[in-house]
Structures are given as structure tokens and as C-alpha cells.
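Read off the chains here:
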Amino acid sequence: MLKDLSPQSFFMGCLTAFVGFASSFAVVLQGLKGVGASDYQAASGLMALSVSMGVCAIVLSAWTRLPVSIAWSTPGAALLATAGAVDGGFPAAVGAFLVCGVLIVIAGLFRPLGRAVAAIPAPLANAMLSGVILGLCFAPFKAIAFDPLLGLPILVAWAVVLMVKRLYAVPAALAAFVGVMVLGVDLPEGAMAEWSLAPPVEFVAPLFTLPALISIALPLFIVTMASQNIPGIAVLKVNHYEPNPGPLFATTGVFSLLSAPFGGHAVNLAAITAAMCAGEDAHPDPARRYWAAIIGGIGYVVLGLLAGAVTAFVSLAPPILIQAVAGLALIGAFSGSAVGAFREPETREAAAVTFLITASGVSFAGISGAFWGLVAGGLMMGLQRVMERRAG
């Protein structure tokens, strides 16, 4: 196995870990805080997710000898950021995370459930995702309105680097965020002296409530499967690998269960970073690219153990600035999901209903708009089909 390790795979694995962590950890922190986590609980969740997805990537890649890259559910974190706190607070959210993990395991082991998720109309799944993401995508521009000297450098760094190398655009925005924090924000005296490199760990006893299960667990499961796990399999197949999806899904569900009591919402197959590990840049020989995913997994574990220092630094910033970085990280996902939602003329009205209800942020009976948007869009699509059959 060690004979397959190469400098090329090592470099790509390190790059994968850095890009995967830096490009979306702000979304994760924002999401966990959105459902009631304290700063320390959010740091614990970030740590648990990063370590879990790192170990999961190492285990699956070494077992299958495929470049199986793992990520946290970025769309799921965006969903949490807009869902709002539910009755029962963060413990209720943790209970929903556990239920989501169980559903992912079942989807991997019980094929009909996996097929049912795959059968959700793509326009509706994309519309729900774009509606979930929309609010955070406003944040970069709100940051400029809040303080142009703080917000504008972050947006400019992202836009300039995007024109040169899309992959590095969000890390560039993160670097600009650090710059404006150091140069433009008055940090409390002695704030950095209180930092600790000890991994943040807090066990949260789960609480199971029906509103949390419907508002968080079900939408989180759907967006994680539809926006991460299924595309993750597609990326591997595009690169001429033939994975068995069921065991991969089930394993990510198990690691989601392990991270949930410490505040992690979900881990899943990666899509974007999977393309980095599975492509020719990782190694000319496809049979040796799995080492890139293994090295990436090790990198995630290391970064996860530093989550306390990362979160402590971020907590010193005005919230709108870290939301701006999170929003920039999601612009690509928003544009892709919006195009997917409204591509087909015959499903545009149903997709629009899903998108608008989800983006509105309204909730009924304590259940978030993401769930109701999907239900309303499904009913609209079903009604259109009935009318078309009658007309035919």
C-alpha cells in the first residue's frame, strides 16, 4: 500500500484538506450557531465533523482503494443557518442530527429508501437548496453596507482570484478576512492570549422533538443525499471508478452518528474535493489516486484538532464578516442549484413555489420553510401532471 504513495498524491491531498476546510468552515459555524449552539459548542461540532470526515476518508479509501473524499454537509449547514432555533434548543438539533445519521445509514443499507431519495425531482431538490442558500449569499453585500473598508476587501479578493483560479477564490476571501481582522478590527486587549490549542470537546445530550425532526432531520437528510452523496458517486464514476454506493453511504451515516453528540450535523461523500482527488492531477495512474484522499483525511483530522483556535479567532469578528465569507463560499452552489431548478420549462412553476417558500424563511407549526417548500412544490408538480393528463 505504501508503495502507491507519491509526492503528487501527497500534495493534492494536502491541498484538498486545506480547500475543503477553508472554503466552508464558516458556513458550518454559522449553521450550528443558527440552531442554538454556543461558540464552544459550534467549535466542538466543527472539530467533531472534521475529525470524523478525516477518519472516514482514510477508512473508506484504504478499504476500497478508491479516492473516496469525504466532506461535511455544506448545504446542510446552510440549511441550519436559516432554520433557526427550535423548541428544545441545540439539544433538539443534536437529536435531529442523530436521526439524520440513522436515515443515511438506512439509505445505504435499504435500497428502496436510497432510490426514493434519488427519485425526488431534481428541480425541486435544487430549488430547495437554492432557497436555503439565498440568505447567506446576500451577506457579502450586506458586509459592504455595514463597513465598506471591512467588507469590500473580502469581496474584491474573492472576485479577482476567481478570474484566475476558481479553486482558490474562497481561500483568498478567507485570507482577506484575516487581513481586515488584523488591520481593521479593534481586537480586545489580551484576546489572543486566551486562545487554547486544546481540541474543543463538548458532549450534548440529545433531545428528540417532532418539530426538530421535521424541520431539521428530514431536510438535512434530503439535501445531504441529493446535493452531496449522490453527486459524490457521480464524480467517481465520471473519473472511471465503479464504487458500490450503499456501503459508502452507510459508512458516512455511521460517522455522522459518531460526530452528532459533539455537535456535528452530518458528513457525506464530497463532490468538489472528490474531483481533486479522483482526477489526473492526483496521479496519472488511477489505481494510486486513493492516497490523495487518505492524505486529505489526515489533513482534516489535524485541522479539526485546531478548531478551537480557529473558532476563537472568528468569534472576535463582526458576525457579518464571517457570514460574508460563508456567502461567497456558497455563490457557486447557489448559481448551480438555481440553474438546475429552473432549467426545464414544464417544472418551473413548481420549482418557483419550492424556492420562494424556502427562501422566505417562514415556518408553520414550528416546522421550517425548507420542508414546506418541498411539499408545496411536490403538490404543485403533481397537480400540473394531473391537469396535463386530463387535457391529453
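These numbers were taken from a predicted model, which means no experiment stands behind them.

K.L.:
Even after reading the chapter, I still don't get the packing of helix 7 (residues 122-137) against helix 16 (residues 319-342), so can you show me in this structure?
P.N.:
Two packed helices can be described by the angle between their axes and the distance between those axes. Close contact between helix 7 and helix 16 brings their axes to 8 Å; oriented N to C, the two are set at 155 degrees. Here helix 16 runs roughly antiparallel to helix 7, going by the angle between their axes. Here helix 7 and helix 16 pass one another in a crossing that is left-handed. When helix 7 is examined against helix 16, the residues Pro123, Asn126, Ala127, Leu129, Ser130, Ile133, Leu134, Leu136 and Cys137 are found in contact with a partner set consisting of Gln323, Gly327, Leu330, Ile331, Ala333, Phe334, Ser337, Ala338, Gly340 and Ala341. Classifying every residue of the contact of helix 7 with helix 16 by side-chain character gives 13 nonpolar, 6 polar and no charged.

K.L.:
Hey, could you run me through the nonpolar core in this one?
P.N.:
Grouped burial of nonpolar side chains is what soluble globular proteins tend to show. Grouped together as the largest cluster of nonpolar side chains are 100 residues, with contacts concentrated most on Ile70, Phe90, Phe97, Ile154 and Phe177. Among the elements that make up this core, the one with the highest residue count is helix 5 (residues 89-109) (11 residues). Ignoring sequence-local partners within four residues, the contact set of isoleucine 70 consists of Met53, Cys56, Ala57, Leu60, Thr252, Val267, Asn268, Leu269, Ala270 and Tyr300. In terms of nonpolar packing, the next biggest core, distinct from the first, is built from 8 residues, Leu15, Val19, Cys277 and Ala293 among them.

K.L.:
Is there a simple way to explain the pattern of salt bridges in this structure?
P.N.:
Two side chains of opposite charge can pair, provided their charged atoms sit close to one another. For the structure shown, the criterion picks out 1 salt bridge. In this structure, the salt-bridge partner of aspartate 39 is lysine 33, at a minimum N-O distance of 3.0 Å. For aspartate 39, a relative accessible area of 42% translates into the label partly exposed. Look at lysine 33 and you get partly exposed, because its relative accessible area is 30%.

K.L.:
Hey, could you run me through helix 2 (residues 25-34) in this one?
P.N.:
Because the α-helix completes a turn every 3.6 residues, residues three or four places apart line up on one side. With respect to burial, helix 2 is a largely interior element, 8 of its 10 residues being buried. Taken together, the buried positions of helix 2 are occupied by Phe25, Ala26, Val27, Val28, Leu29, Gln30, Gly31 and Leu32.

K.L.:
Before we go on, may I ask you to explain the side chain of serine 52 in this structure?
P.N.:
Checked against the element boundaries, serine 52 lands in helix 3 (residues 39-64). At 2.8 Å, the side chain of serine 52 and the backbone oxygen of alanine 48 are in polar contact. Sequence-distant contacts of serine 52, defined by excluding residues within four places in its chain, comprise Phe255, Ser259 and Val267.

K.L.:
What should I look at first to understand the environment of threonine 251 in this one?
P.N.:
By the element assignment, threonine 251 lies in helix 12 (residues 245-259). Between the C-alpha atoms of threonine 251 and leucine 269, which are 18 residues apart in sequence, the distance is 9.8 Å. Not counting residues within four places of it along the chain, the set of residues in contact with threonine 251 comprises Cys56 and Leu60. Within the structure, threonine 251 has its side chain in polar contact with the backbone oxygen of proline 247 (distance 2.7 Å).

K.L.:
Any chance you could explain the packing of helix 7 against helix 18 (residues 369-391) here in plain terms?
P.N.:
Where helix 7 contacts helix 18, the axes come no closer than 10 Å and their chain directions differ by 145 degrees. For the crossing formed where helix 7 meets helix 18, the hand is right-handed. Listed contacts from helix 18 to Leu124, Ala125, Met128 and Val132 of helix 7 are Ala370, Leu374, Gly377, Gly378 and Met381. Looking at the contact of helix 7 with helix 18, its residues break down into 7 nonpolar, 2 polar and no charged.

Here is what the cut-offs are and how they apply
- Residues numbered from 1 in each chain as written.
- Predicted model: local features only at pLDDT ≥ 70, side-chain atom pairs only at ≥ 80, totals over all residues.
- Heavy atoms only, no water.
- Axes fitted to C-alpha atoms, helices over the stretch in contact; angles between N-to-C directions.
- Helix = DSSP H or I, 4+ residues; strand = E, 2+ residues; numbered from the N terminus.
- Parallel < 35°, antiparallel > 145°, perpendicular 65-115°, else oblique.
- Left-handed = near helix turned anticlockwise from the far one by under 90°.
- Contact = heavy atoms within 4.5 Å.
- Nonpolar A, V, L, I, M, F, W, Y, C, P; charged D, E, K, R; others polar.
- Core = buried A, V, L, I, M, F, W, Y, C linked by side-chain atoms within 4.5 Å.
- Buried < 20%, exposed > 50% of the residue type's maximum accessible area, 1.4 Å probe, protein only.
- Salt bridge = Lys/Arg side-chain N within 4 Å of Asp/Glu carboxyl O.
- Polar contact = N/O pair within 3.5 Å; in protein donor to acceptor, adjacent residues only side chain to side chain.

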